[in-house]
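# Reading the structure
Each chain, letter by letter, is given below.
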Amino acid sequence: MLLIQYYYMKTITGSKLKPPYIPKGWMGTFLQLIRTVKLTQIDSKTIAQYKIADAANASKVTRALRFLNLIDNEGKIIEEKMNPLRLLGDDYKTSLRKIIENSYSELFAKLDIEKVRQVDILNFLIAEYNYSEFQAKQATILFSYLCNEANIPISPDLVEMNKVVPYKLQANNRGTKEKPKERLEKTFASTDKTISSNDYI
C-alpha cells in the first residue's frame, strides 16, 4: 500500500519537480527584482508587469520557482526561503547555495558536478525526466548559471555551458545583450503603475 502511494504521489507531483529549463536571463531578472520590490505573490500578472517573461511564458517561471521552493502551489512567496536571497555578498551566495543543493539534490547525488561532462548531464536529464535535447541543454545552462551565482564549484564543461546565451533569450531580446538589471530599471521607468513605498524593501 505504501509503495502504491509513493508511486501515485511521484506521478502527480513529478511534473512540478522537474529541473526548470527557462532562460537564465529570466531567473537573473527575478533575483534582481526581489532585492528591490517586496512581493508576496508571484503570478502571471506580476511576471509580465516586471518583464521577467511575457504572460505566455509566466507558467514556466512559476514552475521554476516552485521547483526551487520559493513559492507554493498558489504562487505565494515562501518568506523563509525568499528572505535570505535578499541578502548581499557571501550571505546571499550561501543562501542560494542551500536552495540549489536542496532543489537539485537528485542531480548532485547522481553526478559529480565538479567533473561531469556535458554529454553526461544531458543524458541524465533526458533519461530521468524525459526531456528533449533542447530542454536538457536549457536546464543545464540554468543550473550552471545558478551554481555560478552561488559559487558552487562546477566542471569545465558546465562553466562553458554558463557562457551560452539560450536561444529563447536571444529571440526575446532580438540579439541584444541587455543585462537583467538594466532591463529591470527600464521596467520601473516605463511602468504605468506608480510604485508605492510599501512595494520597496
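Provided above is the structure to which this section pertains.
Here's what I pulled together on the structure shown here. Everything numeric here is computed off the predicted structure, so don't read it as measured data.

Rules used throughout
Residues numbered from 1 in each chain as written. Predicted model: local features only at pLDDT ≥ 70, side-chain atom pairs only at ≥ 80, totals over all residues. Heavy atoms only, no water. Salt bridge = Lys/Arg side-chain N within 4 Å of Asp/Glu carboxyl O. Buried < 20%, exposed > 50% of the residue type's maximum accessible area, 1.4 Å probe, protein only. Helix = DSSP H or I, 4+ residues; strand = E, 2+ residues; numbered from the N terminus. 1 Å grid on protein atoms, 1.4 Å probe; cavity = no way out; pocket = protein on both sides within 12 Å on 5 of 7 lines; lining within 4 Å. Points joined across faces, edges and corners; volume = space filled by probe spheres on them. Nonpolar A, V, L, I, M, F, W, Y, C, P; charged D, E, K, R; others polar.

### Looking at the pattern of salt bridges
- Counted by the stated rule, this structure contains 8 salt bridges.
- Here glutamate 79 and arginine 86 are joined by a salt bridge, their closest N and O atoms 3.5 Å apart.
- Residue glutamate 79 is classed as partly exposed on the basis of its relative accessible area, which comes to 25%.
- Among the ionic contacts, a cluster of salt bridges with common partners joins Lys38, Glu79 and Arg86.

### A few points about unusual backbone geometry
- Look at lysine 51: it is not a glycine, yet its phi comes out positive at around 55°.
- Counting through the fold element by element, lysine 51 comes out in the loop between helix 3 (44-49) and helix 4 (58-67).
- For lysine 51, a relative accessible area of 42% corresponds to the partly exposed category.

### A word on empty space enclosed by the protein
- Within this structure, the stated rule accounts for 1 cavity of 30 Å³ or more.
- Lining of the largest cavity is provided by Met27, Leu31, Leu68, Leu70, Leu96, Ile99, Ile100 and Leu146.
- Listed by contribution, the elements that provide at least two residues to the lining of the largest cavity are helix 2 (24-36) and helix 6 (89-103).
- Here the lining of the largest cavity takes 3 residues from helix 6, the largest share from any one element.
- Residues belonging to the lining of the largest cavity are distributed by class as follows: 8 nonpolar, no polar and no charged.

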